[in-house]
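Fold and geometry: a report
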Amino acid sequence: MEKEKSLQMYYEMVLIRRVEERGVELYQAGKIGGFMHLYIGQEAVSTGLIAAREPRDRVITAYRDHGVALNCGISANEVMAELLGKVTGTSKGKGGSMHMADTTKNMWGGHAIVGGHLPIAAGLALGDQYAGNDNITICMFGDGATNIGYFHEALNLAKTWNLRVLWVCENNQYGMGTAVERASAVTEIRQKAEGYGMKNGQADGMDVTKVYAAAQEALQYIRETGHPYLLEVDTYRFRGHSMGDPERYRKQEEVKKWQENDPIGIFRAYLLRENIATDVELDALDAKAEAETQKSVEFAEASPEPGLEELFKDIYAA
Amino acid sequence: MAKITMREAISQALMEEMDRDPAVFIMGEEVGVWGGTYAVTKGFYDKYGPERVKDTPIAENAIIGGAIGAAMVGQRPIAELMTINFAFSAMDYIVNQAPKLRYMFGGQFEVPMVIRAVGGGGRQLGATHSQTPDAMFAHFPGLVVVSPGTPADAKGLLKSAIRSNDPVLFIEHATMYQVRGEVPEGEYIVPLGKSTIQRSGKDVTIVTYCKGLELSLKAAEELAKQGIEAEIVDLRTLRPLDMGPVLESFKKTNRAVVVEEGWKSYGVGAEVVSRMYEEAFDYADAPILRVAQKEVPLPYNRSLEQAALPQVSDIVTAVKEVLK
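The sections below set out a description of the structure shown in this document. Bear in mind the structure is a predicted one, so any value in this text is a computation, not a measurement. (Residues numbered from 1 in each chain as written. Chains lettered and ligands numbered in written order. Predicted model: local features only at pLDDT ≥ 70, side-chain atom pairs only at ≥ 80, totals over all residues. Heavy atoms only, no water.)

Glancing now at the overall build of chain B. Tallying secondary structure elements over chain B gives 12 helices and 14 strands in all. Here chain B has a C-alpha radius of gyration of 19 Å; the compact-globule value for 324 residues is 20 Å, and the two agree. Overall, chain B is about 60 × 45 × 40 Å in size when its C-alpha atoms are taken along their principal axes. Every one of the 324 residues in chain B was classed for burial, and the buried ones make up 63%. In chain B, the proportion of contacts linking residues at least 24 apart, taken out of those at least 6 apart, comes to 82%. A total accessible area of about 11,900 Å² is found for chain B, and carbon and sulfur atoms account for 52% of it. (Helix = DSSP H or I, 4+ residues; strand = E, 2+ residues; numbered from the N terminus. Rg over C-alpha atoms; globule rule 2.2 N^0.38 Å. Buried < 20%, exposed > 50% of the residue type's maximum accessible area, 1.4 Å probe, protein only. Contact = heavy atoms within 4.5 Å. Areas by Shrake-Rupley, 256 points an atom, 1.4 Å probe, with all protein chains shown as cover.)

Let us now look at the sheet that holds strand β10 (residues 204-208) of chain B. All names here are of chain B. Ordered in space as β9-β11-β10-β13-β14, the 5 strands form an open sheet in which the pairing is mixed. Of all strands in the sheet, those bounded by a partner on one side alone are β9 (196-199) and β14 (289-293). Strand after strand, the sheet turns through a mean of 25° between neighbouring axes, direction not considered. Bridge count between strand β13 (residues 256-263) and β14: 4 bridges; the pairing is parallel. From the neighbouring strand, Trp263 faces β14, where its bridge partner is Gln293. (Pairing = 2+ DSSP bridges. Axes fitted to C-alpha atoms, helices over the stretch in contact; angles between N-to-C directions.)

Counted according to the given criterion, the structure contains 15 aromatic pairs over all chains. Relative to B:Tyr93, the ring of A:Tyr150 lies with its centre 5.5 Å away and its plane at 85°, an arrangement referred to as edge-to-face. Taken as a pair, A:Tyr150 in helix α6 (residues 149-160) and B:Tyr93 in helix α4 (residues 91-97) lie in two separate chains rather than in one. Grouped by ring-pair contacts, the aromatic residues A:Tyr10, A:Phe267 and A:Tyr270 constitute a single cluster. Seen from the ring of A:Tyr11, A:Lys288 lies directly overhead, with NZ or CZ sitting 4.3 Å from the centre. The ring of B:Phe25 has B:Lys54 sitting right over it, with the charged end atom 5.8 Å from the ring centre. (Phe/Tyr/Trp six-rings, centres within 6.5 Å; stacked < 30°, edge-to-face > 60°. Lys NZ or Arg CZ within 6 Å of the ring centre and 35° of its normal.)

On to the interface of chain B and chain A, then. Counting residues at the interface gives 45 residues for chain B and 40 residues for chain A. Taken together, both faces of the contact between chain B and chain A bury some 3,300 Å²; the carbon and sulfur share is 64%. Area buried by chain B at its contact with chain A is led by B:Tyr103, B:Phe105 and B:Gln108, which between them contribute 20% of it. On inspection of chain B and its partner chain A, the count reaches 0 salt bridges. (Buried area = accessible area lost by both parts, 1.4 Å probe. Salt bridge = Lys/Arg side-chain N within 4 Å of Asp/Glu carboxyl O.)

A word on the nonpolar core. Counting 114 residues, the largest nonpolar core has A:Trp167, B:Ile64, B:Ile68, B:Ile94, B:Phe137 and B:Val272 as the members making the most contacts within it. Here this core spans two domains, since at least three of its residues come from each of domain 1 (2-183) and domain 2 (196-323) of chain B. Other than its neighbours up to four places away in sequence, B:Val272 contacts B:Val207, B:Leu235, B:Leu241, B:Met243, B:Val246 and B:Val258. Membership of the second largest hydrophobic core comes to 71 residues, among which are A:Val68, A:Cys72, A:Ala277 and A:Val297. (Core = buried A, V, L, I, M, F, W, Y, C linked by side-chain atoms within 4.5 Å. Domains from an automatic or database assignment.)

Further remarks concern unusual backbone geometry. Only a minority of non-glycine residues have a phi that is not negative, and only a minority of peptide bonds are not trans. Geometrically, the link from B:Arg239 to B:Pro240 is a cis peptide bond, its omega value of -5° lying close to zero. Positive phi is not limited to glycine here, since A:Asn275 has a value of about 55°. With respect to the helices and strands, A:Asn275 occurs in the loop between α11 (263-273) and α12 (279-302).

Moving on to the state of the cysteines. All names here are of chain A. Counting across every chain of the model gives 0 disulfides over all chains. Sulfur of Cys169: no disulfide; nearest cysteine sulfur belongs to Cys139 and is 10 Å away. For Cys169, a relative accessible area of 0% translates into the label buried. (Disulfide = S-S within 2.5 Å.)

You can see B:Ser160 is positioned in helix α7 (residues 151-163). The sequence separation of B:Ser160 and B:Val190 amounts to 30 residues, and the corresponding C-alpha distance is 6.5 Å.

Let us look at the pattern of salt bridges. All names here are of chain B. In total, this model carries 43 salt bridges over all chains according to the counting rule given. With a shortest N-O distance of 3.0 Å, Glu214 and Lys211 are connected by a salt bridge. Taken as a pair, Glu214 and Lys211 lie in helix α8 (residues 211-225) at a separation of 3 residues, close to a single helical turn. Comparing Glu214 with Lys211 shows no difference in burial state: the two are buried. Within the structure, one salt-bridge network assembled from shared partners comprises Glu16, Glu17, Arg20, Lys155, Lys159, Arg163 and Glu187.

Turning our eyes to something else, we now look at the pairing of strand β7 (residues 199-204) of chain A. Residue and element names in this part refer to chain A. Summarising the sheet, β7 and strand β8 (residues 229-234) pair through 6 bridges and their orientation is parallel. Following the sheet pairing, Asn200 is matched in β8 by Leu230. In this fold, the crossover linking β7 to β8 by way of helix α9 (residues 208-225) has right-handed handedness. (Right-handed = clockwise from strand over helix to strand, strands pointing away.)

Moving on: the packing of helix α1 (residues 3-28) of chain A against helix α4 (residues 76-83) of chain A. Residues and elements named next belong to chain A. In contact at an axis separation of 11 Å, α1 and α4 are set at 25° when each is read in the N-to-C sense. When the axis of α1 is compared with that of α4, the two are roughly parallel. Like other packed secondary-structure pairs, α1 and α4 cross with a definite hand, here right-handed. Across the interface between the two elements, Leu15, Val19, Arg22 and Leu26 of α1 pack against Ala76, Val79 and Met80 of α4. Looking at side-chain class alone, the contact of α1 with α4 contains 6 nonpolar, no polar and 1 charged residues. (Parallel < 35°, antiparallel > 145°, perpendicular 65-115°, else oblique. Left-handed = near helix turned anticlockwise from the far one by under 90°. Nonpolar A, V, L, I, M, F, W, Y, C, P; charged D, E, K, R; others polar.)

The structure is reproduced here in structure tokens:
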């Protein structure tokens, strides 16, 4: 992998980690409300995936969306401001943690109804197909979303109409607190694509280079054939489902075992081993991410609350 | 002016808009090769082809969710629900996605989509296929809910709905496709969110819409024979609700009946009457009455079904009651 791209990916992964760690502090201080689902542990998935897209490819995801937003190029300032409900946030403080989007960055939202955004993703691709565009919609979702009807209606439509969608299942082993094998008839999610005659693949989601390579292959397949593709990426969230998760459903040894495979650590070791980067360079990126995060907190805290006039704005077209 | 059926009026609106704007396309169950289960899109498939008249799987989430996505990226899909009773299968998209996307993302998204749905009872289809659940959809801010009662309004409102940048639920009545009326040819637009007077009168106000309009017009004829002149206000759009003509008429007649086909409890009438009392209580000379469906799942048997649905005689009786 070329150096510049590798360093950018490393930086984004560290930035996601730092932004969310500060998010935890701000949540505990009562400055962030509602639900907040952390991406910590899964950073390699969206980083590898989005690094492989072209800017014209659309991205749509579920509610665990901070990392995806940052990878798509939304600034840490806007992400942090949205978490704090400020008017300078990605969604003017009206969406919160689960609803980040920026259409200018082709980030079509975090969506909070499990599986609900899958037919919408098919629709984004349908709109592009209708317009004669050959860009791709990348739709990310969790393993839990593959057990609900939306998933099956969306995959069936995508294959029947050959919509250009890269379906990416982030299999983080649990839908909230229910392990995959307790909720899904097949534990290998990619098998579900077989029923729709859809090409599919699998990747190790703790290794960003593997996610990147698998995403490149899948995107190339879609560009060449015009058919959809389902990519299952195995990963693990290091923190609870959301803030305030007692985590009774998994053992600490299991969490520790996965944490030994920290995607940032793995990628750092790879970059050093392959002589792509030096410790000094990577330390500098760590410091840059730390500074960017600090700046985003200051920006968000200093930003104004939305005025009451925002309450009735954007319900209908003006 | 040509007298055409409700079916022809809707068909005309769809065709004119498809001819006008290439971003408009139709998707739904049996809209293409079959020609539409109510024959509204008959001939469309041959004229516009499978790209613009899309036969979908029987999968309401894919239909409405897919239309939302296509609308978000700039197309103007018209998604057809074979009946509004199938809307419940896609409830998340109709009430929880389409009306929220603009607001929740700070105005970034737009969902210029029309959902055409056929509602109403009276065709002996049994309890799950005969409902008039309009009020529950009108509960949700962000959605526009339209239900015309005349062919001219059907054409003009549908054209507005297709041009609107908001998601519009357009509810047609299963027993009204053969209703005839004068409809202007070519460009004819009726604005969304505007009630109108369909019949002038000085003695009593009847507020209604869709099938209720047909029944109320008949009731008004009978009442006229008895020397009672009813004024009929047609809501046409349930959300946003235009109370202007309702209040104006009520302030003149001081007596009112609200007629709807749906159930009375928590219904359109409940909303309209509340607002009349809130905004014009002092003008009431008698309690406002509601005529609505009996609180039962609609039965198959013809006479039982008709006993549950509001009838012209129910409206006449209610009007006489408020005039006592």
